[in-house]
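Examination of the molecular architecture
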Amino acid sequence: MLAEGIRSLYGWQNAVEYAQAAKTFAALQDSPHPAERWFGYWHGTLLQRSGSWDQQQAALQKLQQHLLQKLQQHPDAVSTFALAELLNSPLAPRQDVPLAAVLYKYCAERGIAPALLNLGRILAFYEPLKNPPAAERLLRQAAENDVNGAYAVLAELYNRHQKYDAAQRALKLAAKYDPPTAGLLTEINSPEKNSSTVKQAIAQLCRYPDIGSRILAKHYFDRIQRDLPMAINCALLAERYNYATPEVRNILSQSDRECGLVLVMYAMWQNRLQCGKDLQQVILNEAETLILHCRYRRFDYLLSELTKLLTETPEKVLYSGLLLQLHEYDFPLAKLFLLLPDDLAGALTGTILSIQNSDAALQEIWSCKLITHLAVQSEPSGKKLLRQKLMPLIHGVALLKDTPEVLPEPYHVLWNLAVQLHADALYGQGKTAAAERILQRYPQHKLPANWRQYEENFRKKYLQNTPYPQP
């Protein structure tokens, strides 16, 4: 049985306000039980993202090992549920949704009611395992067990399948138990969006990164002064939560056709775009005003403001993609290079700015820096080892088959971009033999089928010097 503090986080058998449940975080993080530590740490991270990303990933890796050891010593449903939550979350050191689904099924059969909700949600929205009838059945069972959020997910499932009357009934029931969620879902499905909707989505991003990111993706894409890099960031976060609707994927597709930056933004973040707090931290409130200054050619003022922002909050300027939009207004990009930090985001931004500035020699310098950062990244470990350890413990793990990835491995995207951009810089300076050696020595990773159009758009937009077809 779940401990009282954990049950309160799900509103199960003890429905409480989320803010009240948050008081249990600190206590749970000090619990001797690794499952309770995971829940406290996970929810605390979603809200606060305290400490560095690397420190948090190390802590989560350690927790995953503790949970596995606990299961190997004495299998229990609570530890299994905690491990399923970790594997299903974008916060995981190695997300494995199909394995999480098997673990949720094991837990649901042993009385862990929130597992019904989370398994139902996977079967409702996770493309490789989608099964709407089974999802509806599980979500109804979760609602009958008073699991907070079940009616809201049911409403979203009905909306996606155009069962609008059923969706409205589910939303009315959701409003009794979780008014903020019901309110956001009502707003997202309404034909009109206003500034209060956007403010609410930003304020609720930590609790509802999936729903909030969808609202914000549409906001940044639809507004008069479009912000395509931020629309892409928001849509990518929705994808990380397996919550991307056809509308969100259409935003990604149209944004990429216009700017070719989906692969760039995805590679820049690597695995660091995991929760609502990450997106909140790069929302640059001044961005729209700064773009207007650029549009009206107030370049000196803009450069002064950018210098200050890059000194104080460089991650906001880089990860928001603001600098990548300035070339559209003839901003003198050469003035930006000395302001860029010497990190992965700075190197990738510098390489793209060099291309926009039509400077192949500078592109070679920045792409060399990008390759240097690539060299210190590590190839991610596979999922097979964890599955092998769980096979004798949990029925169904041995039957798991490889499913197509919805999102590519960020390291592979970065690899492809770094190699292609460096080779392109060499081609641009007439160093054809050197460029061909680079492409032959470092073969490209194959991206998921649904991402190959983004790769093609990137090549057409930024590989100006590379002959087609590419090796």
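Cut-offs applied
- Residues numbered from 1 in each chain as written.
- Predicted model: local features only at pLDDT ≥ 70, side-chain atom pairs only at ≥ 80, totals over all residues.
- Heavy atoms only, no water.
- Helix = DSSP H or I, 4+ residues; strand = E, 2+ residues; numbered from the N terminus.
- Buried < 20%, exposed > 50% of the residue type's maximum accessible area, 1.4 Å probe, protein only.
- Phe/Tyr/Trp six-rings, centres within 6.5 Å; stacked < 30°, edge-to-face > 60°.
- Contact = heavy atoms within 4.5 Å.
- Expected span 1.5 Å × (residues − 1).
- Arc of directions from axis to C-beta.
- Core = buried A, V, L, I, M, F, W, Y, C linked by side-chain atoms within 4.5 Å.
- Axes fitted to C-alpha atoms, helices over the stretch in contact; angles between N-to-C directions.
- Parallel < 35°, antiparallel > 145°, perpendicular 65-115°, else oblique.
- Left-handed = near helix turned anticlockwise from the far one by under 90°.
- Nonpolar A, V, L, I, M, F, W, Y, C, P; charged D, E, K, R; others polar.
- Salt bridge = Lys/Arg side-chain N within 4 Å of Asp/Glu carboxyl O.

**Looking at the side chain of T245**
Mapped onto the elements, T245 comes out in the loop between α15 (228-240) and α16 (246-259). For T245, a relative accessible area of 6% corresponds to the buried category.

**Focus on the packing of aromatic side chains**
Here the structure, examined in full by the defined rule, presents nine aromatic pairs. Aromatic side chains Y266 and W451 sit 4.8 Å apart centroid to centroid with 55° between the ring planes, which places their arrangement in the tilted category. Of the two residues, Y266 sits in helix α17 (residues 262-269) while W451 sits in the loop between α26 (432-441) and α27 (452-462), which places them 185 residues apart along the sequence. Each member of the pair Y266 and W451 is classed as buried. Measuring from centroid to centroid gives 6.1 Å for F337 and W366, while their planes differ by 35°, and the two rings are tilted.

**Observations concerning α27**
Among all positions of α27, only Y454, E455, N457, F458, R459 and Y462 are buried. If you follow the buried residues of α27, they end up packed against α16, α17, α22 (344-356) and α25 (410-428).

**Regarding helix α20 (residues 299-312)**
When the terminal C-alpha atoms of α20 are compared, their 20 Å separation across 14 residues agrees well with the 20 Å that a helix rising 1.5 Å per residue should span. Of the positions making up α20, those classed as buried are F299, L302, L303, E305, L306, L309 and L310. Along α20, the residues classed as buried sweep out an arc of 165° about the axis, all on the same side. Turned more than 90 degrees from where α20 packs its buried face, D300, T311 and E312 sit exposed. On its buried face, α20 is in contact with α19 (287-295) and α21 (314-319).

**Concerning the nonpolar core**
In this structure, L326 and F331 are the most contacted members of the largest nonpolar core, which totals 153 residues. Take this core: its biggest share by element is 11 residues, from α25. Apart from residues no more than four positions distant in its own chain, L326 is found in contact with I291, C294, L302, L306, F331, L333 and L336.

**Brief notes about the packing of helix α14 (residues 209-222) against α15**
The N-to-C vectors of α14 and α15 enclose an angle of 155°; their axes lie 8 Å apart at closest approach. Classified by the interaxial angle, the pair formed by α14 and α15 is roughly antiparallel. Between α14 and α15 the crossing geometry is left-handed. Of the residues in α15, those touching α14 at P209, D210, S213, R214, L216, A217, Y220 and F221 are L228, M230, A231, C234, A235, L237 and A238. Along the lines of polarity and charge, the residues of the contact of α14 with α15 split into 12 nonpolar, one polar and two charged.

**Section: the pattern of salt bridges**
One side chain can pair with another of opposite charge once the charged atoms of both are near each other. Taken as a whole and judged by the stated rule, the model has 20 salt bridges. When the shortest N-O distance is used, the salt bridge between E305 and K308 registers 3.8 Å. Placement of both E305 and K308 in helix α20 is noted, with a separation of three residues, approximately one turn of the helix. Under the relative-accessibility criterion, E305 is labelled buried at 18%. One salt-bridge network, held together by shared partners, links E127, K130, E239 and R249.

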